[in-house]
Amino acid sequence: MTTPVLPAHIQGQNGQAISPLQTLYWMDCEPGFGPCTASSRDSVLAVRAEEVEQLHDLGYNYHGRQGYIYPVCGPEPACMPAGTVRLYRRCSSLSDDCAIFPESQLDAMSLEGYTQAAYPGAAQILGYVYPNQDQDADGLPDGMEYLLGTDPYQPDSDGDGLSDGEEYPAWDLPQSDPRLGEIVFADSFED
Ligand SMILES: [Ca+2]
Ligand SMILES: [Ca+2]
Ligand SMILES: [Ca+2]
């Protein structure tokens, strides 16, 4: 069984999506249970309860939450949250496989045969995500900077000499506000 690898994602907090994000449901093929086959269409992601039901009818079982995503809006691209890209779900009849990928990979994936919906009538665009990149190399992924309000193109948004990632580590306690030029906790919580 292949573990799905998302090239882009949005992380929630304490198991909850940040409003108005939708949950991405991870559905696994149940061998012998339906039309999906464990050697090929091993897993696929869904975004709504109706999709979970549709995929369940095709032999997939709910496996867990894979992440969170901005729901499709209209009209695009004006309604899309700043910094996000479309996330596609497409399947290939050649390899009997489904894939999830950002818009930047659409041409390459189409050439590889990923041109079809997961099931008849299924959406091919699941919603919008932040690309998994850190354009200013300050240690904070672009999407986290959009959510925090820091500048994804400027490593030191408030110009106080400490990078955004030093002030607000992605996986640790923040020591100060990277948007305000005031060091609140220069020596942990002593100052
Ligand atoms: Ca950054
Ligand atoms: Ca930054
Ligand atoms: Ca700073």
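Notes on the structure in this doc start here. Being a predicted model, the structure only gives us computed values, none of them experimental. (Residues numbered from 1 in each chain as written. Chains lettered and ligands numbered in written order. Predicted model: local features only at pLDDT ≥ 70, side-chain atom pairs only at ≥ 80, totals over all residues.)

Structural notes on the sheet that holds strand β2 (residues 43-46)
Strand order in the open sheet made by the 3 strands is β2-β1-β3, with antiparallel pairing throughout. Of all strands in the sheet, those bounded by a partner on one side alone are β2 and β3 (60-69). Averaged over all neighbouring strand pairs, the angle between strand axes comes to 25°, with direction disregarded. Here strand β1 (residues 22-29) pairs with β3 via 8 bridges, running antiparallel. Bridged to T23 within β3 is Y68. (Pairing = 2+ DSSP bridges. Helix = DSSP H or I, 4+ residues; strand = E, 2+ residues; numbered from the N terminus. Axes fitted to C-alpha atoms, helices over the stretch in contact; angles between N-to-C directions.)

Observations regarding the pairing of β1
Side-chain direction in a regular strand flips from residue to residue, so the side chains alternate between the two faces of the sheet. The pairing of β1 with β2 spans 4 bridges and is classified as antiparallel. Each residue of the ladder has a partner; that of M27, found in β2, is V44.

A look at the sheet that holds strand β6 (residues 125-129)
Spatial strand order, β5-β4-β6: 3 strands in an open sheet with antiparallel pairing. With partners counted over all chains shown, the strands left at the sheet margins are β5 (97-102) and β6, one partner each. The average angle at which neighbouring strand axes cross in this sheet is 25°, direction not considered. By the bridge criterion, 6 bridges tie strand β4 (residues 85-92) to β5 in an arrangement that is antiparallel. Among the inter-strand pairings, S92 is bridged to a residue of β5, identified as D97.

Some remarks on the environment of E51
Position of E51 relative to the elements: it lies in helix α1 (residues 49-57). Residues E51 and Y119 lie 68 residues apart in sequence; the distance between their C-alpha atoms is 9.6 Å.

Points about the nonpolar core
Membership of the largest hydrophobic core comes to 26 residues, with the highest contact counts inside it found for M27, V44, L45, A46 and I69. Of all the secondary-structure elements, those providing two or more residues to this core are β1, β2, β3, β4, β5 and β6. The greatest single-element share of this core, amounting to 5 residues, is contributed by β1. Setting aside its immediate chain neighbours within four residues, M27 contacts S43, V44, L45, A46, V52, L55, Y60, N61, Y62 and H63. (Core = buried A, V, L, I, M, F, W, Y, C linked by C-beta atoms within 7 Å. Buried ≥ 20, exposed ≤ 12 C-beta atoms within 10 Å, placed from the backbone. Contact = placed C-beta atoms within 7 Å.)

Section: the environment of Y25
Within the fold, Y25 resides in strand β1. Sequence separation between Y25 and R48 is 23 residues; the distance between their C-alpha atoms is 8.0 Å. Look past the residues within four positions of Y25 in its chain and what remains in contact with it is L45, A46, V52, Y62 and R65.

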